[in-house]
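# Architecture at a glance
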Amino acid sequence: MPTPVPPDPLTTSPGTTGLRVRLFAGLREAAGWDERLVSWNEAGTAASQDAGAGDVTPRSLWHQLQLGSVALPAGLRVAVNHAFAHPEQPLQPGDEVAFLPPISGG
Amino acid sequence: MVEPLVPQEPAAERVPLLEVQLHPEAFEPPEVLAGWQARLTALQGAAAAESLFIGRVRGINAAGEPIEALELEHYPGMTEACLLALAESCGLGHGVAAVLIRHRIGRVLPGQAIVLVAVSADRRGPAQRCGQELLEALKHEAPFWKREWSGGRGTWLTGNTPL
C-alpha cells in the first residue's frame, strides 16, 4: 500500500459534498496516493481556470490534481460512479471519479 | 398446397442464468464446474452444449524469464458490475441458457487458474461464440490490472497477450 499523503488544501473531510477521486495500479503508484476527496468549490475554481466550458470534468480534475498534462494519456480510461465515462463528462457533487490505466484482465 | 408466409413473432428473450464471482484465493475449476453443472441441471436439465475456458498463469514471461507470480488488482464494485453486465449482454446476444465467470484477484502463482468462463446453451455454436466473445470482452472491458513479478521485481502490464 502506498504511504498516506499528508492533508492538503484539496482534501476535505469525509461527508463533505465533493468528489472522490481514485487511482489504480501503476497510476496510483506513480502519484503516491490512491484516493482523495476534492471539494466541489476547489474543483469548480480549477475548472473555470481551465480551457473549455468551465464544467468540472474528469479532465479538469486530472489537471487540477497534477496527474499529468492537460490531455489524458492514450490508453487511460475514466469511470464515473463505476461506469466508463468520457473525460469531458460534466460531473456532479458527490460523484466518484476513477482514472484507470490500461486494463489487462483474464 | 403452399402455406402462405406468416410473419413470425420473435422468440421471447430468455435471460440467461448468470453467476459471477471473484476469488481472493486459489480455486479449482473442476470443482467449480461440477457445482455449477449440478445447479443448472436441477434448474434446467442437462445442457446439450457447454463451452469452457480455463486461463492459467504461465510460468515464463514475454522476455523468457521465469514468472514468480501475477498480482491481480481490481476496482471493487465496478469490476463485479462490469463482469455481470458483460455476461448478460453476451448471453442475451447469443441466446444461451447460462453463463459462469470466476476470476482471481490477489497473488496468483504459475499454473493456478486465473479465469474460468463457462457457457451453457442448446447448441455448440452459441456456446462457443458466446464464450469467446465474453472472454475477449472481459479481458479488455473489466477493470483488472496485472502486475507480473519476476526476479523480485513487479511490473504492471499494459496489455493482454495476443489471441
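Residues numbered from 1 in each chain as written. Chains lettered and ligands numbered in written order. Predicted model: local features only at pLDDT ≥ 70, side-chain atom pairs only at ≥ 80, totals over all residues. Heavy atoms only, no water.

### Quick notes on the nonpolar core
With 38 residues, the main nonpolar core has Leu100 of chain A together with Tyr75, Leu138 and Trp145 of chain B as its most contacted residues. If near-sequence neighbours (up to four positions away) are discounted, tyrosine 75 of chain B is found in contact with Arg22, Phe24, Ala79, His82, Glu96, Ala98 and Leu100 of chain A together with Glu80, Pro143 and Trp145 of chain B. (Core = buried A, V, L, I, M, F, W, Y, C linked by side-chain atoms within 4.5 Å. Buried < 20%, exposed > 50% of the residue type's maximum accessible area, 1.4 Å probe, protein only. Contact = heavy atoms within 4.5 Å.)

### With respect to the confidence of the model for chain B
In the predicted model, chain B carries a mean pLDDT of 92, and the fraction of residues at 70 or more is 92%. A low-confidence stretch, residues 7-11 of chain B stays under pLDDT 50, and its non-local contacts, those more than four residues away or across chains, total 0 contacts. (pLDDT = per-residue confidence, 0-100.)

### Quick look at helix 1 (residues 29-44) of chain B
Residue and element names in this part refer to chain B. Taking 1.5 Å per residue, 16 residues should reach 22 Å; helix 1 reaches 21 Å between its end C-alpha atoms and fits that length. Among all positions of helix 1, only Pro29, Val32, Leu33, Trp36 and Leu40 are buried. Looking straight down helix 1, one finds its buried side chains confined to an arc of 95°; they lie on one side. Opposite its buried face, helix 1 presents the exposed residues Pro30, Glu31 and Ala42, each directed more than 90 degrees away. On its buried side, helix 1 packs onto strand 1 (17-23), strand 2 (49-56), strand 4 (98-104) and strand 6 (113-121). Positive backbone phi, at 85°, marks glycine 45, one or two positions downstream of helix 1. (Helix = DSSP H or I, 4+ residues; strand = E, 2+ residues; numbered from the N terminus. Expected span 1.5 Å × (residues − 1). Arc of directions from axis to C-beta.)

### So, the packing of aromatic side chains
The tally for this structure, following the rule as stated, stands at 3 aromatic pairs over all chains. Plain terms: the ring middles of phenylalanine 24 of chain A and tyrosine 75 of chain B are 4.5 Å apart, the flat faces sit at 40° to each other, and that makes the pair tilted. With phenylalanine 24 of chain A in the loop between strand 1 (18-23) and helix 1 (25-31) and tyrosine 75 of chain B in the loop between strand 3 (69-74) and helix 2 (78-94), this residue pair bridges two chains. For phenylalanine 24 of chain A, a relative accessible area of 4% gives the class buried. Centroid distance phenylalanine 24 of chain A to tryptophan 145 of chain B: 5.0 Å. Interplanar angle 10°. Geometry classified as stacked. Of the two residues, phenylalanine 24 of chain A sits in the loop between strand 1 and helix 1 while tryptophan 145 of chain B sits in strand 7 (residues 144-150), which places them in two different chains. Pair check on accessibility: phenylalanine 24 of chain A and tryptophan 145 of chain B agree, each one buried. Through pairs of rings, three or more aromatic residues link up here, namely Phe24 of chain A together with Tyr75 and Trp145 of chain B. For the cation-ring pair, arginine 36 of chain A lies above tryptophan 33 of chain A, with the distance from its terminal atom to the ring centre recorded as 4.7 Å. The lysine or arginine in question, arginine 77 of chain A, covers the ring of phenylalanine 84 of chain A, its NZ or CZ lying 4.0 Å from the ring centre. (Phe/Tyr/Trp six-rings, centres within 6.5 Å; stacked < 30°, edge-to-face > 60°. Lys NZ or Arg CZ within 6 Å of the ring centre and 35° of its normal.)

### A word on the confidence of the model for chain A
Detailed reading of the predicted coordinates is not advisable wherever pLDDT falls low. On average, residues of chain A score 84 in pLDDT, and 81% of them are at 70 or above. Contacts of residues 1-15 of chain A to residues separated by more than four positions or lying in other chains number 22 contacts, the stretch itself having pLDDT below 50.

### Description of the interface of chain A and chain B
By a widespread convention, an interface's size corresponds to the accessible area lost as its parts come together. Residue-level contacts link 20 residues of chain A with 25 residues of chain B. Counting the contacts that link chain A with chain B gives 3 salt bridges. The residue glutamate 141 of chain B makes a salt bridge to arginine 77 of chain A at a minimum N-O spacing of 2.9 Å. Scanning the region where chain A abuts chain B turns up 15 residue pairs in polar contact (both at pLDDT 80 or more). (Salt bridge = Lys/Arg side-chain N within 4 Å of Asp/Glu carboxyl O. Polar contact = N/O pair within 3.5 Å; in protein donor to acceptor, adjacent residues only side chain to side chain.)

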